[in-house]
Amino acid sequence: YVHDFLCIHPFPDGNGRMARLLTNLLLHRLGHDVGRYVSLERIVETSKATYYDSLAASDVGWAAGKHDHTAIVTVGVDRVGTIWEVDAWAATCSEDETVTQLITKHRRFKFILIAWEEVSFTNIYARYVMRMAAAENVYLPIKTVKAGTESKVLRVRSLSPLIENGIIRFRDRGNKELIEELTSFPKGRFDDLPDALAYAMGAITKATELPQVAPIRRIAPSLAQQTLRGYRR
């Protein structure tokens, strides 16, 4: 809502101050009283460059309805270290839909770690999502991950040698959008799924416990095993 307000820019002056007042109001209504103890104005003032960079990046494609998607890419690691893309989903959606997707996927895949990109106030959003999921008796293992200093182009292109050498493998079916975004990067309409995959790779390299993909057995195949039958060898 606040982002839409800033993009519409309804007043000749004071839109930024009004947006931060609205942010405090929305946080208060969601049960976050951080505005009583921490000045958002001061946070913005001390991180003005990254604040405006984030706003500018969020504005791209907004008027045409082509701004960033929420993207969730699920990966697992087998016993020999191969990284399998298990699921990929992206959409422009509400907070409620994000929570629904995370809960559904966590129940299905039993996430060990959910890496959450940390920019601007997304750490507050992450805590809100965790609280909403907890209300459904689902506890999401979310950990915020800093964006780092490299550009998105460098971050996504770092996947190329891993894909070419078979370290990252993809399903034959069910991931058309991810493959299209990878092959058209950086000139495609969207690039959120490749970026989410890059963050997943970063989380795997730093994780103390790797997300495991179960080996295929001849009896009672699990959901993960059935999924792996669709992978390229």
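Residues numbered from 1 in each chain as written. Predicted model: local features only at pLDDT ≥ 70, side-chain atom pairs only at ≥ 80, totals over all residues. Heavy atoms only, no water.

Trainee: What is the right way to look at the side chain of Thr74 in this model?
Mentor: With respect to the secondary-structure elements, Thr74 resides in strand β1 (residues 70-77). Sequence-distant contacts of Thr74, that is, excluding residues within four places in its chain, are made with Trp84, Glu85, Val86, Asp87, Phe109 and Phe111. (Helix = DSSP H or I, 4+ residues; strand = E, 2+ residues; numbered from the N terminus. Contact = heavy atoms within 4.5 Å.)

Trainee: Explanation requested: the pattern of salt bridges in the structure shown.
Mentor: Note on pairing: side chains with opposite charge can pair once their charged atoms come close. Tallied over the entire structure, the rule returns five salt bridges. One salt bridge in this structure joins Arg17 and Asp13, with 4.0 Å as the shortest N-O distance. Its salt-bridge partner being Arg171, residue Glu85 comes within 2.4 Å of it at the nearest N-O pair. Residue Glu85 is located in strand β2 (residues 83-91), and its partner Arg171 is located in the loop between β5 (168-169) and α9 (176-184); the two are separated by 86 residues in the primary sequence. For the pair Glu85 and Arg171, a shared accessibility class is recorded, and that class is buried. (Salt bridge = Lys/Arg side-chain N within 4 Å of Asp/Glu carboxyl O. Buried < 20%, exposed > 50% of the residue type's maximum accessible area, 1.4 Å probe, protein only.)

Trainee: Got a minute to help me understand helix α10 (residues 192-206) in this structure?
Mentor: Given 3.6 residues per turn, any residue in an α-helix points the same way as the ones three and four places further on. The first and last C-alpha atoms of α10 sit 21 Å apart over 15 residues, in line with the 21 Å expected at 1.5 Å per residue. With twelve of 15 residues buried, α10 lies mostly within the body of the structure. (Expected span 1.5 Å × (residues − 1).)

Trainee: Honestly, the environment of Arg171 in this entry has me stumped. Any pointers?
Mentor: Using a relative accessible area of 10% as the deciding quantity, one classes Arg171 as buried. Along the chain, Arg171 and Glu85 lie 86 residues apart, while their C-alpha atoms are 6.8 Å from each other. Within the structure, the side chain of Arg171 is placed 2.4 Å from the side chain of Glu85, a separation counted as a polar contact. (Polar contact = N/O pair within 3.5 Å; in protein donor to acceptor, adjacent residues only side chain to side chain.)

Trainee: Would you explain the packing of α9 against α10 in this entry?
Mentor: One can describe the packing of α9 onto α10 by two numbers: an axis separation of 7 Å at closest approach and a directional angle of 90°. Looking at the two axes, α9 sits roughly perpendicular to α10. Judged by residue contacts, Glu177, Leu178, Glu181 and Leu182 of α9 engage Asp192, Leu193 and Pro194 from α10. Partitioned by chemical class, the residues of the contact of α9 with α10 number four nonpolar, no polar and three charged. (Axes fitted to C-alpha atoms, helices over the stretch in contact; angles between N-to-C directions. Parallel < 35°, antiparallel > 145°, perpendicular 65-115°, else oblique. Nonpolar A, V, L, I, M, F, W, Y, C, P; charged D, E, K, R; others polar.)

Trainee: Any chance you could explain the pairing of β1 here in plain terms?
Mentor: On any regular strand, side chains alternate: one points to one face of the sheet, the next to the other face. With respect to burial, β1 is a largely interior element, six of its eight residues being buried. Once β1 ends, the chain turns through five residues before running back antiparallel as β2, passing Gly81 with a positive phi of about 95°. (Pairing = 2+ DSSP bridges.)

Trainee: Hey, could you run me through a nonpolar patch on the surface in this one?
Mentor: A surface patch of nonpolar side chains, about 280 Å² in accessible area, is lined by Phe11, Met18 and Leu21. Using a relative accessible area of 32% as the deciding quantity, one classes Met18 as partly exposed. (Patch = residues over 30% accessible without salt bridge, like charges linked within 9 Å, V, L, I, M, F, W, Y side chains within 5 Å. Areas by Shrake-Rupley, 256 points an atom, 1.4 Å probe, with all protein chains shown as cover.)

Trainee: Just checking my understanding: could you explain the sheet that holds β1 for this structure?
Mentor: Pairing between sheet strands relies on hydrogen bonds along the backbone, with the strands arranged either parallel or antiparallel. One open sheet holds the three strands; their spatial order is β1-β2-β5, and the pairing between them is mixed. Since the sheet does not close on itself, it has two edges, and those belong to β1 and β5, each with one partner. Pairing of β1 with β2 involves eight bridges; the strand directions are antiparallel. Its bridge partner being in β2, Val77 is matched across the sheet by Ile83. Taken strand by strand, α10 contacts β1, β2 and β5, and its axis lies near 40° from that of β1.

Trainee: Is there a simple way to explain the nonpolar core in this structure?
Mentor: Looking at soluble globular proteins, one finds that nonpolar side chains tend to be buried together. Val73, Val75, Ile83 and Leu159 are the most contacted members of the largest nonpolar core, which has 20 residues in total. Elements with a contribution of two residues or more to this core: β1, β2, α9 and α10. For this core, the leading source of residues is α10, giving seven residues. Residues within four places of Ile83 in sequence aside, it is in contact with Val75, Gly76, Val77, Ile167, Ile168, Arg169, Met201 and Ile204. In this structure, Trp89, Phe109, Val129 and Val138 belong to the second largest nonpolar core, which totals 16 residues. (Core = buried A, V, L, I, M, F, W, Y, C linked by side-chain atoms within 4.5 Å.)

Trainee: Would you explain unusual backbone geometry in this entry?
Mentor: The phi angle of most residues is negative, glycine excepted, and most peptide bonds adopt the trans form. With omega at 5°, the peptide bond leading from Phe185 into Pro186 counts as cis. With respect to the secondary-structure elements, Pro186 resides in the loop between α9 and α10. Unlike most non-glycine residues, Lys110 shows phi in positive territory, near 55°. By the secondary structure assignment, Lys110 is in the loop between α5 (95-109) and β3 (114-118). Overall, the relative accessible area of 57% leaves Lys110 in the exposed class.

The analysis is restricted to geometry; functional conclusions fall outside its scope.
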